[in-house]
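Remarks on the overall topology
Each chain is listed here by its residues.
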Amino acid sequence: MVLEIIDQEINPYVDQWEAEGLFPAHRIFKILGSAGFLGVNRPVEYGGLGLDYSYSVAVAEELGNIRCGGIPMAIGVQTDMATPALSRFGSDELKTEFLLPTIMGDKVACLGVSEVGAGSDVSSILTKAVKKGDEYVINGGKMWTTNGTQADWMCLLANTSEGPPHRNKSLICLPMNLPGVHIARKIDKIGMRSSDTAEIFFDDVRVPCKNVIGQEGMGFTYQMLQFQEERLWAVANILTMMDNIIQETIDYTRQRKIFKMPVLYHQSVHFKLAELQTEVELLRSLLYNATALYIKGNDMTKLASMAKLKAGRLARELGDSCLQFWGGMGFTSDVLVSRFYRDSRLLSIGGGADEVMLGIICKYMDMLPKK
């Protein structure tokens, strides 16, 4: 069913949406939501299918057949980046108001974490939510917000007290139509072009205190948990893309000739493609291992960080190597490999940069320098 939706409702229009820098999120999400693919591992009582996380990984892999990175990323924000904390810790009232319509595809969600001066260093965000009566008054701004120009609500991380940076933050469900929410601009990017990315400012935005997800002050912890699903989802999604790039490169180099024989027949080409496919399979095994641990309730932070790190670096190597084998055609915008080359670069930056992943891995290996 996922492939049918992709073939009929998405891929025929990808080139147009890439050129326009926007895809119709409400229409596509409604189609996916009606088919049950926006809440695969979410509670049945809020529109989900109630399955374990391996099914979310399977859907993410299938979404890798979309012929760009921006649309799958936008879907991943909806399913595995803006909603895990709400699903796990949110009140019944919040789940009914925000989670249910998001799973059904009636609302588009975005995640408000990164700021101009705070990306991978989440603890340094400056956006404040000051309690006044039974409301929070929010001031600040968010940057690199996927789905930001189309979203109906934001899962916002903000400072709700003056305490230590890891214990003074809260996640808040923030409707995007409130007075004081300003979408400053849609950011022009080198890749992920069909996905809208916004810079957003908050000017005395008033939100009910009941919109806090879980406990006040636990936002940093909740967000770190959300990151784990985000990272596994990103790895699952790019695996299929990498498989497709390798296969299309094989097909192209088999029919393109240089020095009177197919490019593929040169040992440096077919050996490299064999190595890359081997690396993809190793990454897939790491993903499945981390997923199995997660389903059993174990801490898979180290493995998720390793998978995210490896996926970003492998995507860069694979995109560069395969583009080289396409020759001059690879340097055009007419083929998937060039789009992948641009889109996949984000994986080593978004959701925690490579260097942050290395720091987490070192922490779990107990070899970080002591302060």
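Residues numbered from 1 in each chain as written. Predicted model: local features only at pLDDT ≥ 70, side-chain atom pairs only at ≥ 80, totals over all residues. Heavy atoms only, no water.

1. Quick notes on the packing of helix α9 (residues 267-295) against helix α10 (residues 301-325)
Note the following rule: Axes, fitted as lines to C-alpha atoms, cover a helix only where it is in contact. Angles between the N-to-C directions of the axes lie from 0 to 180 degrees. Put simply, DSSP H or I for four residues or longer makes a helix, DSSP E for two residues or longer makes a strand, and each gets a number counted from the N terminus. Angle categories: roughly parallel below 35 degrees, roughly antiparallel above 145, roughly perpendicular from 65 to 115, and oblique for all the rest. Handedness of a crossing is defined here by the sense of rotation of the near helix relative to the far one, left-handed for an anticlockwise turn of less than a right angle and right-handed for a clockwise turn. The contact rule is simple, with two residues in contact once any of their heavy atoms fall within 4.5 Å. Following the grouping adopted for this structure description, the nonpolar residues are Ala, Val, Leu, Ile, Met, Phe, Trp, Tyr, Cys and Pro, the charged ones are Asp, Glu, Lys and Arg, and the polar ones are all others, Gly among them.
In the contact formed by α9 and α10, the axes pass within 10 Å of each other and the chain directions differ by 160°. If you check the angle between α9 and α10, you find them roughly antiparallel. The two elements α9 and α10 cross, and the hand of that crossing is left-handed. Between α9, through Ser268, Val269, Lys272, Leu273, Leu276, Glu279, Val280, Leu283, Leu286, Asn289, Ala290 and Leu293, and α10, the contact on the second element is made entirely by Leu303, Ala304, Met306, Ala307, Lys310, Ala311, Leu314, Glu317, Leu318, Ser321, Cys322 and Phe325. Looking at the contact of α9 with α10 residue by residue, the class counts come to 17 nonpolar, 3 polar and 4 charged.

2. With respect to the domain arrangement of the protein
Much of the literature gives interface size as the accessible area that the parts lose upon coming together. Counted only if it meets this: The domain boundaries here were taken from an automatic or database domain assignment. What gets called buried area is simply the loss in accessible area from a 1.4 Å probe that two parts show on being joined, summed for both. Should a side-chain nitrogen of Lys or Arg be within 4 Å of a carboxyl oxygen of Asp or Glu, the pair is scored as a salt bridge. For this analysis, a polar contact is any N or O atom pair within 3.5 Å, provided that within protein one partner can donate a hydrogen and the other can accept it, and provided that sequence-adjacent residues contribute only side-chain to side-chain pairs.
According to the domain assignment, the protein consists of domain 1 (1-108), domain 2 (111-215) and domain 3 (221-364). The straight-line distance from the C-alpha centre of domain 1 to that of domain 2 is 21 Å. Listed by partner, the interface residues are 32 residues for domain 1 and 23 residues for domain 2. For the pair domain 1 and domain 2, the two sides together bury roughly 2200 Å², of which 61% comes from carbon and sulfur. Among the residues of domain 1 in contact with domain 2, Leu94, Phe98 and Val108 are the three that bury the most area, contributing 23% of the side total. Of the charged contacts, one joins Lys210 and Glu93 as a salt bridge, the two residues approaching to 3.3 Å between their closest N and O atoms. Where domain 1 touches domain 2, the interface holds 12 residue pairs in polar contact (both at pLDDT 80 or more). Those elements that provide at least two residues to the side of domain 1 that touches domain 2 are α2 (14-20), α3 (25-34), α5 (70-81), α6 (84-89) and α7 (92-104).

3. Re helix α8 (residues 219-255)
As a reminder of what qualifies: To estimate the expected span of a helix, count its residues, drop one, and scale the result by 1.5 Å. Relative accessible area decides the class of each residue, using a 1.4 Å probe on protein chains only: under 20% of the type maximum gives buried, over 50% gives exposed, and in between gives partly exposed.
The first and last C-alpha atoms of α8 sit 54 Å apart over 37 residues, in line with the 54 Å expected at 1.5 Å per residue. Within α8, 27 of the 37 residues are buried, leaving the element largely enclosed by the surrounding structure.

4. Some details on the pairing of strand β2 (residues 128-132)
We apply this condition: We treat two strands as partners when DSSP finds at least two bridges between them.
Pairing geometry for β2 and strand β3 (residues 135-146), over 5 bridges, is antiparallel. Counterpart to Lys131 in the pairing with β3 is Tyr136. Here β2 folds back onto β3 in antiparallel fashion, the turn holding 2 residues, of which Gly133 has a positive phi close to 65°.

5. Structural notes on the UniProt feature "domain: Acyl-CoA dehydrogenase/oxidase N-terminal" (unreviewed entry) in the protein
Condition: UniProt positions are given in the numbering used here, feature names are shortened, and annotations may be inferred rather than shown by experiment.
Under the UniProt annotation, the feature "domain: Acyl-CoA dehydrogenase/oxidase N-terminal" (unreviewed entry) is placed at residues 2-105. As a span, residues 2-105 carries 65% helix and 0% strand, and end to end its C-alpha atoms are 15 Å apart.

6. Here we look at a nonpolar patch on the surface
As a reminder of what qualifies: Patch membership requires over 30% relative accessible area and the absence of a salt bridge. Like charges are linked within 9 Å, and nonpolar side chains (Val, Leu, Ile, Met, Phe, Trp, Tyr) within 5 Å. Surface exposure here means Shrake-Rupley accessible area, sampled with a 1.4 Å probe, where a residue is shielded only by the protein chains that are shown.
On the surface, Leu49, Leu51 and Tyr55 cluster together into a nonpolar patch covering about 260 Å² of accessible area. Within the secondary structure, Tyr55 is located in helix α4 (residues 53-63).

7. Regarding the environment of Asn159
Within the secondary structure, Asn159 sits in strand β4 (residues 153-159). Residue class for Asn159 comes out buried when judged on its relative accessible area of 9%. Here the alpha-carbon distance between Asn159 and Ile138, two residues 21 residues apart in the chain, equals 9.3 Å. Apart from residues no more than four positions distant in its own chain, Asn159 is found in contact with Ile125, Leu126, Thr127, Lys128, Ala129, Asn168 and Lys169. In terms of polar contacts, Asn159 uses its side chain to reach the backbone carbonyl oxygen of Ile125, at 2.9 Å. A polar contact of 3.0 Å, which involves the side chain of Asn159, links it to the side chain of Lys169.

8. What to know about the pattern of salt bridges
Inspection of the entire model under this criterion finds 22 salt bridges. The salt bridge involving Arg284 is made with Glu281; its shortest N-O contact spans 2.6 Å. Linking Arg284 with Glu281, this pair stays in helix α9, spanning 3 residues, or about one helical turn. You can call Arg284 buried: its relative accessible area is 10%. Classification of Glu281 by relative accessible area gives partly exposed; the value is 37%. Among the ionic contacts, a cluster of salt bridges with common partners joins Glu61, Asp243, Glu281 and Arg284.

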